[in-house]
Amino acid sequence: MRRLGDGVEAALHCALVLCWLEPGKVLPGKSLAEMHGLSESYLLKHMRALTEAGLVEALPGPRGGYRLARRPGEITLLDIVEAIDGKEPAFTCKEIRRRGPGKSKDRCAYKTDCFIKRRMLAAEELWRQSLRAQTLADLAQDGAALIDAESQKTIAAFVREAQR
């Protein structure tokens, strides 16, 4: 539907990794950055956004780190997208139909929303509904089914060693 910011990919991957933490444990931001080959400062900006949205908890201090604020089945993909990219619509109507030689002289012609705007916003709402219907738990199931066994072992060992 629209081009998502690069931070959405990072946020989705990090939230998925946080699904695999043992209860009561946290994962340092530095470890999340290392796991995904990202700079820590870049990643922490997005982790702050997830924290501000109430999706992730940030525990401060030398033994601190991140963990999910809710169960994976209660965090939708739309929650994560909106935490990173905002809730504003992707399509913005500038009412260009009111300009140029084709504009209507009848002022009543512009009392309703532009039909192009209505169609675009309707399509975006379907996109949002699709993301709202998918959760981190769904991603975790996909990962269990689609990530090869060797990679799963490597990820599990990394998380086990890095969690606090």
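Residues numbered from 1 in each chain as written. Predicted model: local features only at pLDDT ≥ 70, side-chain atom pairs only at ≥ 80, totals over all residues. Heavy atoms only, no water.

In the nomenclature of an unreviewed UniProt entry, the protein chain corresponds to Rrf2 family transcriptional regulator from the organism Xanthobacter aminoxidans.

Q: Can you help me understand the overall build of the protein chain in this one?
A: Helices and strands together make up the secondary structure of the protein chain, namely seven helices and two strands. The secondary structure elements of the protein chain, listed N-terminal to C-terminal, are α-α-α-β-β-α-α-α-α. In terms of overall size, the protein chain is more extended than a compact globule, its C-alpha atoms giving a radius of gyration of 21 Å where 164 residues would be expected to give roughly 15 Å. Seen through its C-alpha atoms, the protein chain measures out along the principal axes to roughly 70 × 35 × 25 Å. The buried share of the protein chain, reckoned over its 164 residues, is 33%. Contacts in the protein chain between residues at least 24 apart in sequence constitute 69% of all its contacts with a sequence separation of at least 6. (Helix = DSSP H or I, 4+ residues; strand = E, 2+ residues; numbered from the N terminus. Rg over C-alpha atoms; globule rule 2.2 N^0.38 Å. Buried < 20%, exposed > 50% of the residue type's maximum accessible area, 1.4 Å probe, protein only. Contact = heavy atoms within 4.5 Å.)

Q: How should I be thinking about the pattern of salt bridges in this particular structure?
A: For the coordinates displayed, the defined rule picks out eight salt bridges. We note a salt bridge from Arg71 to Glu74, for which the minimum N-O separation is 2.8 Å. The shortest N-O distance in the salt bridge between Asp113 and Lys117 comes to 3.5 Å. (Salt bridge = Lys/Arg side-chain N within 4 Å of Asp/Glu carboxyl O.)

Q: Mind showing me how you'd approach a nonpolar patch on the surface here?
A: Judged by side-chain polarity, Phe115, Ile116 and Met120 come together as a nonpolar surface patch covering roughly 300 Å² of accessible area. One can find Met120 in helix 5 (residues 115-132). (Patch = residues over 30% accessible without salt bridge, like charges linked within 9 Å, V, L, I, M, F, W, Y side chains within 5 Å. Areas by Shrake-Rupley, 256 points an atom, 1.4 Å probe, with all protein chains shown as cover.)

Q: Would you explain the nonpolar core in this entry?
A: Most often, soluble globular proteins have nonpolar side chains that are buried together. Of all hydrophobic cores here, the largest spans 33 residues; its most connected members are Leu18, Leu32, Met47, Leu50, Val56, Leu68 and Ile80. Elements with a contribution of two residues or more to this core: helix 1 (6-19), helix 2 (29-36), helix 3 (40-52), strand 2 (65-68), helix 4 (77-85), helix 5 and helix 7 (149-162). When residues in this core are grouped by element, the largest group, eight residues, is from helix 1. Contact partners of Val56, with chain neighbours within four places excluded, come to Leu18, Met47, Leu50, Thr51, Tyr66, Arg67, Leu68 and Ala69. (Core = buried A, V, L, I, M, F, W, Y, C linked by side-chain atoms within 4.5 Å.)

Q: Looking at this structure, how should I read the pairing of strand 2?
A: Two faces belong to every sheet, and in a regular strand the side chains alternate between them. As paired strands, strand 1 (residues 56-59) and strand 2 are joined by four bridges and run antiparallel to one another. Among the inter-strand pairings, Val56 is bridged to a residue of strand 2, identified as Leu68. (Pairing = 2+ DSSP bridges.)

Q: Got a minute to help me understand helix 4 in this structure?
A: Of all nine residues in helix 4, seven are buried, a share of seventy percent or more. Along its buried surface, helix 4 packs onto helix 1, helix 3, helix 5 and helix 6 (136-146). Backbone geometry just after helix 4 places Gly86 at a positive phi near 90°.

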